[in-house]
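Examination of the molecular architecture
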Amino acid sequence: MKIVHPVFGELTFNNGWTKSIKLSIFKKEFSVEINIDADEDAVFDENQIKAFEFFFSDIQNRVTQAENGIVGYYNSIIDEVIDRLDSDSNFGQKLLNAKDNPSEIFKFLTVKQIMIPMNFDDNTREAGFICDCEWDIENGVGIKYINEQISEIGFQDILL
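I will try to describe carefully the structure that is included in this document. By convention here, each chain's residues receive numbers from 1 onward along its written sequence. Owing to the predicted nature of the model, reporting of local features is limited to residues with pLDDT of at least 70; listing and counting of side-chain atom pairs is limited to 80 or more, with chain, interface and lining totals taken over all residues. Each side-chain value is worked out from all heavy atoms of the structure, with water and hydrogens disregarded.

**A look at the nonpolar core**
Put simply, buried Ala, Val, Leu, Ile, Met, Phe, Trp, Tyr and Cys residues joined by side-chain atoms within 4.5 Å make one nonpolar core. Note on classification: 1.4 Å probe, protein chains only; a residue is buried when its accessible area is under 20% of the maximum for its type, exposed when over 50%, partly exposed between these limits. Within the largest apolar cluster, 44 residues are counted, with the highest numbers of intra-cluster contacts made by I25, F26, I70, F129, W135, V141 and I143. Comment: elements are numbered from the N terminus, with helices defined as DSSP H or I runs of at least four residues and strands as E runs of at least two. The leading source of residues in this core is helix α2 (residues 59–84), at 10 residues. Contacts are assigned to residue pairs that have any heavy atoms within 4.5 Å of one another. The contacts of W135, once residues within four sequence positions are left out, are Y73, Y74, I77, V81, F91, L95, I105, F108, L109 and V141.

As structure tokens, this is what we get:
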């Protein structure tokens, strides 16, 4: 099923309403799925519309925030990640060598979605990036924004 929404544009229903865009982030260009959480009836919450508009009104700033945030997050968790790996792990050495080097850190990430979840707080606009990452294949990484500021970086489920 497809619709054309006056703000979101053309959307297809696929476990939420989706469309793909090209986005340059983490020094690469990705085909990213925008996922607006709603049922097949396409009744969107006013906060989702506002979140979408505000998030994309200055997308380059969101990208910069995400890049800076990921570097800090990576450096805060990577020692623990490396401790869980085999001590002779080549991959662990690659992870360690990437510490404090954004270009190397970014190579471990693939942005999959921009999520616009349902939100029932009239004063809160919520959105975020969902990424696959090589250091945690099972949980990935989520970068959650509230009112266009990063509120949390952690496992993908912070946005799901």
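Back to the text.
**Focus on the packing of aromatic side chains**
Classification of ring pairs rests on two measures: the distance between centres of Phe, Tyr or Trp rings, Trp counted by its six-membered ring, which must be within 6.5 Å, and the angle between planes, read as stacked under 30 degrees, edge-to-face over 60 and tilted in between. Applying the stated criterion across every chain, the model contains 13 aromatic pairs. Aromatic side chains F55 and F56 sit 5.5 Å apart centroid to centroid with 75° between the ring planes, which places their arrangement in the edge-to-face category. For the ring pair Y74 and W135, a centre distance of 4.9 Å and an interplane angle of 75° mean the geometry is edge-to-face. Of this pair, Y74 sits in helix α2 while W135 sits in the loop between β6 (126–133) and β7 (141–146), and the two are 61 residues apart along the sequence.

**Concerning the pattern of salt bridges**
Just to be clear on terms, a salt bridge is a Lys or Arg side-chain nitrogen sitting within 4 Å of an Asp or Glu carboxyl oxygen. In the structure shown here, the tally under the stated rule is seven salt bridges. One salt bridge in this structure joins D79 and K99, with 3.2 Å as the shortest N-O distance. Placement of the pair is D79 in helix α2 and K99 in the loop between α3 (90–98) and α4 (102–106), with a sequence separation of 20 residues. Judged by relative accessible area, which is 40%, D79 ranks as partly exposed. Its salt-bridge partner being R84, residue E80 comes within 3.2 Å of it at the nearest N-O pair. Remark: R84 and E80 occur in helix α2; sequence separation between them is four residues, near one turn of the helix.

**Side note on the environment of I49**
By the element assignment, I49 lies in helix α1 (residues 46–57). Residue I49 is classed as buried on the basis of its relative accessible area, which comes to 13%. Remark: the alpha-carbon pair of I49 and I21, spanning 28 residues in sequence, is separated by 17 Å. In this structure I49 touches H5, V7, F8 and F44, once residues within four positions along its chain are discounted.

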